[in-house]
Amino acid sequence: MANVVLKGVTKIFDGTVVAVKDMDLEVHDREFVVLVGPSGCGKSTLLRMVAGLEEITSGEILIDDRLVNDVPPKDRDIAMVFQNYALYPHMTVYDNMAFGLRLRKYPREEIDQRVREAADILDIAALLDRRPKALSGGQRQRVAVGRAIVRKPKVFLFDEPLSNLDAKLRVQTRTEISKIHERLKATIIYVTHDQVEAMTMGSRIVVMKDGVAHQVADPLTIYQKPVNQFVAGFIGSPAMNFIEGRLTRENGSTVFEAGAFRAPVPPERARALGDVSDRQVVLGVRPEDIFEIADADRVAAPARVTAHLDVVEPMGNEIFLYFRLEERDMVARIDVRVPPAVNSDVDLIFDMESSHFFDTESGRSLLFGGEV
């Protein structure tokens, strides 16, 4: 396998549309890196530039320490798995997987060995004589992955490979891809718009927006220490709650105020914020950091609020409570008890020990903005 290095990579379409801007990134040997972001953020364009399917406007791309800016896709020693599988409908599974090796004039015995070895890894050995139309979506996806595996490339590229599968099959297939990564010790760059896929599969995540990498870190750091409001709101389901207000000092303590809502800021958070006297900020609280009043003993620094419930969603092992606070839509994710009634009032507490604070203008985290 190999590493992939991007140095100042930029892609501009039609001279005006900036799809990727000055991207610096190193994917280490055998690492699983996920590019995640909303539609149009440039993640697929970036992947296609690594593959050689899209020319770069400026910058450098190196694969295994070799500059590949002008190297054709077939000579980059990469394998790409597409969203639509791209299988040949008139060929059997075996022939689809063997096709690339035949083009490269591999011996028949080696082709057979590689195809059957990949089929065993993916549990599709019984499907080798079928054609794509006789396969389910999940089986077609496995064939597409198998076609990449037989190549034994230096780098695997996945472009939203699970987006055409149903929810249950997506969970199963992403687990299989993770197992393949562990078994092959492969270098993988994986593109998705699904932040759950990113969190569960990647050893590192690149969160992109408007062609720019906003944060590059391991999943836990991305979740616990987002560097700005965009990353905080994009990663997590349901998304982080935000409410605009201001920080004030009262009797030596820091307090967050938003209309009638007042929340004491714990000393550790206050020290990290520094001098914030009378500063406008955005408070961020994740849904799982909001509790019922009965759970007050679980929260070291509670901020109490009475909420009017607009929607209640029982999810089986938990309940989502949707309410409004100072004209902002909020959601709490609480443990299962008896679901409260819609249009009722309920007392909730925010765990301010887990709170986040963002600059109202730049969106930068006032706690973790320097950690990228």
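Structure's up top.
A brief report on the enclosed structure follows. (Residues numbered from 1 in each chain as written. Predicted model: local features only at pLDDT ≥ 70, side-chain atom pairs only at ≥ 80, totals over all residues. Heavy atoms only, no water.)

### Considerations on the overall build of the protein chain
- Across its full length, the protein chain holds nine helices and 20 strands.
- Along the first, second and third principal axes, the C-alpha atoms of the protein chain reach 80 × 50 × 35 Å.
- Of all 372 residues assigned to the protein chain, the portion counted as buried reaches 51%.
- Put simply, 67% of the contacts in the protein chain that link residues at least 6 apart link residues at least 24 apart. (Helix = DSSP H or I, 4+ residues; strand = E, 2+ residues; numbered from the N terminus. Buried < 20%, exposed > 50% of the residue type's maximum accessible area, 1.4 Å probe, protein only. Contact = heavy atoms within 4.5 Å.)

### Examining the sheet that holds strand E19 (residues 345-351)
- Strand order in the open sheet made by the five strands is E15-E19-E16-E17-E18, with antiparallel pairing throughout. Edge positions in the sheet fall to strand E15 (290-292) and strand E18 (328-335), since each of these pairs with one other strand and no more. The sheet shows a mean angle of 50° between the axes of neighbouring strands, taken without regard to direction.
- As judged from the three bridges shared by E15 and E19, these two strands associate in the antiparallel manner. The partner of Glu 292 across the bridge, within E19, is Leu 348. (Pairing = 2+ DSSP bridges. Axes fitted to C-alpha atoms, helices over the stretch in contact; angles between N-to-C directions.)

### What to know about helix H3 (residues 108-122)
- For H3, with 15 residues, the first-to-last C-alpha span of 21 Å sits near the 21 Å given by 1.5 Å per residue.
- Those residues of H3 that fall on the buried side of the exposure criterion are Ile 111, Arg 114, Val 115, Ala 118, Ala 119, Ile 121 and Leu 122. The buried side chains of H3 occupy one side of the element, clustering within an arc of 160° when seen end-on. Facing away from the buried side of H3 by over 90 degrees, the exposed positions are Glu 109, Gln 113 and Asp 120.
- Once H3 finishes, Asp 123 follows within two positions and takes phi at roughly 60°, a positive value. (Expected span 1.5 Å × (residues − 1). Arc of directions from axis to C-beta.)

### Details of the sheet that holds strand E4 (residues 58-63)
- Read from one edge of the open sheet, four strands run E2-E1-E4-E5, paired in antiparallel fashion. Each edge of the open sheet carries a strand with a single partner, namely strand E2 (17-27) and strand E5 (66-67).
- In terms of strand pairing, strand E1 (residues 4-13) meets E4 through five bridges, oriented antiparallel. Bridging from a neighbouring strand, Thr 10 pairs with Ser 58 of E4.
- Across the sheet, helix H1 (residues 43-51) touches E1, E2 and E4, and the angle it forms with E1 is around 120°.

### Describing the layout of surface pockets
- Approximately 490 Å³ is the volume found for the largest pocket.
- Considering the residues around the largest pocket, the lining is formed by 21 residues, among which Met 80, Phe 82, Arg 104, Arg 147 and Arg 151 are closest to the centre.
- If you list the elements that add at least two residues to the lining of the largest pocket, you get strand E6 (78-81), helix H2 (93-103) and helix H4 (137-149).
- The greatest single-element share of the lining of the largest pocket, amounting to six residues, is contributed by H2.
- Classifying every residue of the lining of the largest pocket gives 15 nonpolar, two polar and four charged. (1 Å grid on protein atoms, 1.4 Å probe; cavity = no way out; pocket = protein on both sides within 12 Å on 5 of 7 lines; lining within 4 Å. Points joined across faces, edges and corners; volume = space filled by probe spheres on them. Nonpolar A, V, L, I, M, F, W, Y, C, P; charged D, E, K, R; others polar.)

### Comments concerning the side chain of Ser 355
- Position of Ser 355 among the secondary structure elements: in the loop between E19 and strand E20 (356-359).
- For Ser 355, a relative accessible area of 0% translates into the label buried.
- One polar contact links the side chain of Ser 355 to the main-chain carbonyl oxygen of Met 352, over a distance of 2.7 Å.
- When sequence neighbours within four positions are dropped, the list of residues in contact with Ser 355 reads Arg 269, Leu 283, Gly 284 and Leu 367. (Polar contact = N/O pair within 3.5 Å; in protein donor to acceptor, adjacent residues only side chain to side chain.)

### Quick look at the pairing of E19
- A large share of E19 lies buried, amounting to five of its seven residues.
- Where strand E16 (residues 302-314) and E19 come together, seven bridges link them in antiparallel fashion. Pairing of Arg 304 across the sheet is with Ile 349, part of E19.

### Concerning the nonpolar core
- Counting residues in each nonpolar core, the largest one holds 47 residues, and the members touching the most others are Met 97 and Tyr 190.
- A total of six residues in this core trace back to one element, the largest contributor, which is H3.
- With near-sequence residues (within four places) excluded, Tyr 190 lies in contact with Phe 32, Val 33, Val 34, Leu 35, Phe 158, Pro 161, Leu 162, Ile 177, Glu 197 and Met 201. (Core = buried A, V, L, I, M, F, W, Y, C linked by side-chain atoms within 4.5 Å.)

### Some words on the pairing of strand E3 (residues 32-36)
- Most of E3 is tucked away, with five of its five residues classed as buried.
- Residues of E3 alternate between two faces, with Phe 32, Val 34 and Val 36 on one and Val 33 and Leu 35 on the opposite face, all of them buried.
- Relative to strand E8 (residues 187-192), E3 runs parallel, the two sharing five bridges. Among the inter-strand pairings, Val 33 is bridged to a residue of E8, identified as Ile 189.
- Of the pairings in the sheet, the one linking E3 to strand E9 (residues 204-209) comprises four bridges and is parallel in character. Within E9, the residue paired with Leu 35 across the bridge is Val 206.

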